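# Descriptive structure summary
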Amino acid sequence: MRTEQAPKTIYLKEYQAPDFAIEAFHLHFDLHEHNTQVTATAQYSRTNNTQNDLVLNGELLKLISVSVNGQLLEASQYTVDEETLSISNLPAQFELTIVTQIDPKNNKALEGLYQSSGNFCTQCEAQGFRKITYYLDRPDVMTVFTTRLEADQAKYPVLLSNGNLVEQGELGNGRHFAVWHDPFRKPSYLFALVAGNLQHVKDSFTTSSGRNVDLYIYTEAHNIDKCGHAMASLKRAMKWDEERFGLEYDLDIYMIVAVDDFNMGAMENKGLNVFNSKLVFASPETATDVDYLDIEAVIGHEYFHNWTGNRVTCRDWFQLSLKEGLTVFRDQEFTADLHSRPVKRIEDVRGLRTFQFTEDASPMAHPIRPASYMEINNFYTMTVYEKGAEVVRMYLTLLGREGFRKGMDLYFKRHDGQAVTTEDFLAAMADANDVDLSQFQRWYDQAGTPVIEASMDYDPKAKTCTLTFKQSCPPTPETEHKQPYLIPLEIGLLDSQGRDLPLQLVGEDKAVGTTRVLRFTEAEQSFTFVNIAEKPLPSLLRNFSAPVKLSYPYSGEELAFLMQHDSDAFNRWDAGQRLAMQTFKELLEAKHHGLPFGLEHYMVHAFQTLLIDPALDDAFKAEALALPSETDIAEAVRPSDPQAIHEVREFVLTHLAKALRLDLEQVYSERNTLTSYEIDSQSVGRRSLKNIALSYLGRIQDEGIVALVDEQYRHANNMTDTLAALSVLNHIEGEERELAIEDFYARWKQNNLVLDKWFALQATSSLPDTLKRVEALLNHEKFDIRNPNKVRALIGAFAMRNPLHFHAFDGTGYEFLTRRVLELNTFNPQIASRMVRPLMNWRHYEPVRSGLMRAQLERIQNTPNLSSDVSEIVTKSLV
Ligand code: B3K
Ligand code: ZN
């Protein structure tokens, strides 16, 4: 933690290539809980003719010695401060050996080398390696690592690092050693070591060129039976990357280690991924369908980084989206190819809208390639990841599948083994397809969510239909006035029967397909279609072809029509979301004016038609029934009043539940048959639909329904159904709820990951005593504020998934969060900085709440010893 002085801003425009290169690097770890000695020997050479000092990064290190070419330096021959070690008068080439000591056991920031459940592990991205030794800790310095680990043999029988094991043995004094060599040049952020008492499961994969790769998953013994799904997912990922992108794995061994204390999901260290155990362990009794799918996606994601991130890495941290946006895109495609493509798209867009659009409208809004940062850890965001993935997807939409693949192939051909920039990626896409994509660069430079206003003009005499689009983008901290984007707009036109019309643009000699991607490049632009016999209904932004907010003056009836007929599954779903959002807005208006609530008949009818449509699959229906969240509504209706939003949304859901009760009950009972747990798409879809039907019915709250929910809770044979029932009971005051919560605890108190669900459940209840409970749970014997999963489960869930109580009118929710942020700030700045974000959009709320939120941000800002992580968010929020 850098304290006292204000954190400084780092700018992309100040990037300078390193003055030194490193030919080879030897690391020697003498592992001890409190006193690990690290000896680092590197061959340095100058990259230019300057006589610049060598300035190495290093933090929280105890420096023991520095030698150049075997000669010990005097203290006067170098300078050390809190963040660097500088050495002057160095020759063109030299060997530098540095000995440092660190205290892994007291490292509660979980960055660098630390202990989790008594085992050693590391997290180096982005700048954790500098907490291990003094080094050029930047991604454009790449070298070959050889790592020797020494540790107590009984306590730490397993010793792992990147690459291949070259030597191991006993040292005679109860200690042993292992030497690992990674032949691929890599930056320090991809370094990892693990030492612990771990068991493993082993499997193997034969690559397309016939090489055998040994696959290992390491875990503590009691979880060894829950690794099967992760291993199967890894093999699927390896195969998929060969088939879809022609990319093969390059080492003879691939290891995954599951740890309980981890600041994020997982880390793609070369050949040695470290995973949050939440994203490895699964069994039907302990993991939900969502967990199963998340595990597969993240195992895939980290594996895909081997090419997009590791083989081709980032020049500097501003380029983070080069690897993250691209790798998220790849994991999305992996899931889409293996499961339902439309459902995957819907889920991704739902997440993007709820969280990334909110971030893009916040004081932390930044382009996917930021131009400056104070703390790089703050930029592992929805924008860099998810919007970054949308930007990659737009290349695919513009260039087609083949064109996109050509661009990827050229990118690897040109840049394998290099540290590059997002411009290099754009250039590969453009050059491989011989197109000019220069305007596309704006997606990397401008923040904010573009807004498109669409309108249609039909001329019955000429039989032409003109679509006109206007684009704009609200000001964000880095730019006031935005230049127009190159936006791929995928569209179709529906006739009165709901059929797609053939699309012929003016000037074309015949129609080309029924879905077209228009290149929208100007602030305002029109596209005219000919031979349109009747006034059509436009289906716009099909498959969500760009990360924008598009408006069109649809009537409620037109949306209901699209819900039933659009051939584009995404837009069919989106029509329902638009219809619901329109309804919420109207009801909020009614509430504002003290008018009674009501629901239009076509709205009820539209959802009924969908629910009973035999042609639609269950997973899609479940998505359609999941209406925009309270957070979505809060972002769409400003200034927002979370209490009113909750009331209005509950009114709609309850009304639909009552009106469609018979259909919902039928849908439920048809699917509530006890079968063995399967994780194929159809079974997952069946459970999703059944459980969303149950959550609607739960709003009716009569005895019969409560009994039905209770019954599901007691008889479920898998965690998805158990938790779904418990989530419904969670909002219904009464004995059933209390008994079920107690019962769940009694059943699962030995399983930390399952208990996280139990904490999160209570934190997201709409019942009035929720904050009190959450406060009490902070002192629960199973709660541990040092464990990031627990923090996210209890504190994060309350602040991010319970707007009703987090935004309590008296400000108690905000105060609660502030106290936790200040506590976390003292030992884990990364997690503290994640937790403070729900206060960021204080300007979007009605004046009373807005003032209370701001006051808490000021209170945090005025606290001494603020980490740079928290300080950046708070300072930017208050500007
Ligand atoms: N690259 C890591 C994230 C590192 C976060 C550092 N604060 C995981 C991933 O995106 O795959
Ligand atoms: Zn990643």
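These lines cover the structure that appears in this document, whether it is placed above or below.

### Things to note about the overall build of the protein
For the protein, the helix and strand inventory stands at 26 helices and 31 strands. By the compact-globule yardstick of 29 Å for 879 residues, the protein fits well, its C-alpha radius of gyration being 28 Å. Considered along the principal axes of its C-alpha atoms, the protein spans approximately 90 × 70 × 60 Å. Taken over 879 residues, the protein has a buried fraction of 60%. Carbon and sulfur atoms form 50% of the exposed surface of the protein, whose accessible area is close to 33,700 Å². Put simply, the protein has 88 plus and 122 minus side-chain charges, and the middle of one group is 1 Å from the middle of the other.

### Considerations on the packing of helix H9 (residues 569-592) against helix H13 (residues 642-659)
Contact geometry for H9 and H13: axes closest at 10 Å, N-to-C directions at 120°. Our classification of the angle between H9 and H13 gives oblique. For the element pair H9 and H13, the recorded crossing hand is right-handed. Here Thr-583, Phe-584, Leu-587, Leu-588 and Lys-591 of H9 lie close against H13, whose contacting residues are Ala-644, Ile-645, Glu-647, Val-648, Arg-649, Phe-651 and Val-652. The class makeup of the residues in the contact of H9 with H13 is eight nonpolar, one polar and three charged.

### Some thoughts on the side chain of Asn-306
Residue placement: Asn-306 occurs in the loop between helix H2 (289-304) and strand S22 (313-314). Looking at Asn-306, the relative accessible area reads 3%, which means it is buried.

### Re the environment of Gln-16
Summarising the element assignment, Gln-16 is placed in the loop between strand S1 (10-11) and strand S2 (20-30). Measuring from C-alpha to C-alpha, the distance between Gln-16 and Asp-316 comes to 9.8 Å, with 300 residues separating the pair along the chain.

### Structural notes on the coordination of the zinc ion (ligand 2)
Ideal geometry at a metal centre gives angles of 109.5 degrees when four donors are arranged tetrahedrally and 90 or 180 degrees when six donors are arranged octahedrally. Distances from the zinc ion (ligand 2) to its protein donors, namely His-301 (NE2), His-305 (NE2) and Glu-324 (OE), fall within the range 1.9 to 2.1 Å. One chain supplies every donor for the zinc ion (ligand 2), spaced along it as H-x3-H-x18-E. When sorted by exposure, His-301 lands in the same class as His-305, which is buried.

### Notes on the nonpolar core
Ranked by size, the top nonpolar core spans 281 residues in total, and within it Phe-29, Tyr-44, Leu-96, Tyr-395, Phe-440, Phe-469 and Phe-529 carry the most contacts. By residue number, the principal contributor to this core is helix H5 (residues 382-415), which donates 14 residues. Setting aside its immediate chain neighbours within four residues, Phe-29 contacts Thr-36, Gln-37, Val-38, Leu-113, Ile-132, Thr-147, Arg-148, Leu-149, Glu-150, Phe-191 and Leu-193.

### Side note on the sheet that holds strand S7 (residues 78-80)
The three strands lie next to each other as S4-S8-S7, forming an open sheet whose pairing is antiparallel. The open sheet has two free edges, formed respectively by strand S4 (54-57) and S7, since each of these has just one partner strand. Strand-to-strand twist in this sheet, taken as the mean axis angle between neighbours without regard to direction, amounts to 15°. Two elements, S7 and strand S8 (residues 84-87), share three bridges in a ladder whose sense is antiparallel. The residue of S8 that forms the bridge with Val-80 is Leu-85.

### Thoughts on the pattern of salt bridges
The final tally for this structure, using the stated rule, is 65 salt bridges. One salt bridge in this structure joins Lys-323 and Glu-268, with 2.8 Å as the shortest N-O distance. In this pair, Lys-323 sits in helix H3 (residues 320-338) while Glu-268 sits in the loop between strand S20 (266-267) and strand S21 (272-276), placing the two residues 55 residues apart along the sequence. As far as burial versus exposure is concerned, Lys-323 and Glu-268 are alike and both buried. Across the pair Asp-574 and Arg-353 runs a salt bridge, and its minimum N-O distance is 2.8 Å. Remark: Arg-353 occurs in helix H4 (residues 341-360) and Asp-574 occurs in helix H9; sequence separation between them is 221 residues. Judged by its relative accessible area of 5%, Asp-574 is buried. Look at the salt bridges and you will find they share partners, linking Arg-244, Glu-333, Asp-337, Arg-341, Arg-393 and Arg-401 into a network.

### A look at the site of ligand 1
Close contacts around ligand 1 come from 14 residues, with Glu-125, Ala-266, Glu-268, Glu-302 and Tyr-385 the closest. Within the side chain of His-305, one N or O atom sits 3.1 Å away from an oxygen atom of ligand 1. Between a nitrogen atom of ligand 1 and a side-chain N or O atom of Asn-377, the distance comes to 3.0 Å. Among the secondary structure elements, those contributing two or more residues to the shell around ligand 1 are S20, H2 and H3. A per-class count over the shell around ligand 1 returns five nonpolar, four polar and five charged.

### Describing the packing of aromatic side chains
To describe a pair of aromatic rings, one takes the distance between the centres and the angle between the planes. Here the structure, examined in full by the defined rule, presents 47 aromatic pairs. Taking 5.8 Å as the distance between ring centres and 10° as the angle between the ring planes, the aromatic pair formed by Phe-29 and Phe-191 counts as stacked. You can see Phe-29 sitting in strand S2 and its partner Phe-191 sitting in the loop between strand S15 (175-186) and strand S16 (193-196), a full 162 residues away along the chain. Taken together, a centroid distance of 5.0 Å and an interplanar angle of 50° make the contact between Trp-240 and Phe-304 tilted. Placement of the pair is Trp-240 in helix H1 (residues 228-245) and Phe-304 in helix H2, with a sequence separation of 64 residues. Given the relative accessible area of 0%, Phe-304 is considered buried. Here a set of aromatic residues connected by ring pairs shows up, and it is made of Trp-240, Phe-245, Tyr-249, Tyr-254, Tyr-303, Phe-304, Phe-329, Phe-334 and Phe-404.

### Things to note about the sheet that holds strand S17 (residues 199-206)
The five strands are arranged S17-S18-S19-S21-S20 in an open sheet whose pairing can be described as mixed. With one partner strand each, in any of the chains shown, S17 and S20 form the two edges of the open sheet. Bridge analysis of strand S18 (residues 212-219) against strand S19 (residues 253-259) gives five bridges, and the strand direction is parallel. Paired with Ile-217 across the two strands is Ile-256, which belongs to S19. Strands in contact with H1 are S17, S18 and S19; relative to S17, the strand with the most contacts, it is inclined by about 25°.

### What to know about the side chain of Glu-872
Within the secondary structure layout, Glu-872 lies in helix H26 (residues 868-878). With near-sequence residues (within four places) excluded, Glu-872 lies in contact with Tyr-373, Met-374, Glu-375, Asn-378 and Phe-379.

### Observations regarding the packing of H1 against H2
Between H1 and H2, the least distance of the axes is 9 Å, while the angle of their chain directions is 50°. Relative to H2, the element H1 is oriented oblique. H1 and H2 meet at a crossing whose hand is right-handed. Of the residues in H2, those touching H1 at His-229, Ala-230, Ser-233, Leu-234, Arg-236, Ala-237, Met-238, Trp-240 and Asp-241 are Tyr-292, Ile-295, Glu-296, Ile-299, Gly-300, Tyr-303 and Phe-304. Classifying every residue of the contact of H1 with H2 by side-chain character gives 10 nonpolar, three polar and three charged.

### Describing H9
In an α-helix, one turn spans 3.6 residues, which is why side chains three or four residues apart end up on the same side. Between its terminal C-alpha atoms H9 stretches 35 Å, which fits the 34 Å expected from 24 residues at 1.5 Å a residue. Gly-594 sits one or two positions beyond H9 and adopts a positive phi of about 65°.

### A closer look at helix H8 (residues 556-565)
Of the residues making up H8, those classed as buried are Gly-556, Leu-559, Ala-560, Leu-562 and Met-563. For H8, the arc enclosing every buried residue in end-on projection is 160°, short of the 170-degree limit, so these residues lie on one face. Residues of H8 that are buried make contact with strand S27 (487-494), strand S30 (537-540), H9 and helix H10 (601-612).

About the criteria used
Residues numbered from 1 in each chain as written. Chains lettered and ligands numbered in written order. Predicted model: local features only at pLDDT ≥ 70, side-chain atom pairs only at ≥ 80, totals over all residues. Heavy atoms only, no water. Helix = DSSP H or I, 4+ residues; strand = E, 2+ residues; numbered from the N terminus. Rg over C-alpha atoms; globule rule 2.2 N^0.38 Å. Buried < 20%, exposed > 50% of the residue type's maximum accessible area, 1.4 Å probe, protein only. Areas by Shrake-Rupley, 256 points an atom, 1.4 Å probe, with all protein chains shown as cover. Lys, Arg positive; Asp, Glu negative; His and termini not counted. Charge placed at Lys NZ, Arg CZ, Asp CG, Glu CD. Axes fitted to C-alpha atoms, helices over the stretch in contact; angles between N-to-C directions. Parallel < 35°, antiparallel > 145°, perpendicular 65-115°, else oblique. Left-handed = near helix turned anticlockwise from the far one by under 90°. Contact = heavy atoms within 4.5 Å. Nonpolar A, V, L, I, M, F, W, Y, C, P; charged D, E, K, R; others polar. Donors = N, O, S within 2.8 Å, 3.2 Å for Na, K, Ca; no water. Core = buried A, V, L, I, M, F, W, Y, C linked by side-chain atoms within 4.5 Å. Pairing = 2+ DSSP bridges. Salt bridge = Lys/Arg side-chain N within 4 Å of Asp/Glu carboxyl O. Near = heavy atom within 4 Å. Polar contact = N/O pair within 3.5 Å; in protein donor to acceptor, adjacent residues only side chain to side chain. Phe/Tyr/Trp six-rings, centres within 6.5 Å; stacked < 30°, edge-to-face > 60°. Expected span 1.5 Å × (residues − 1). Arc of directions from axis to C-beta.

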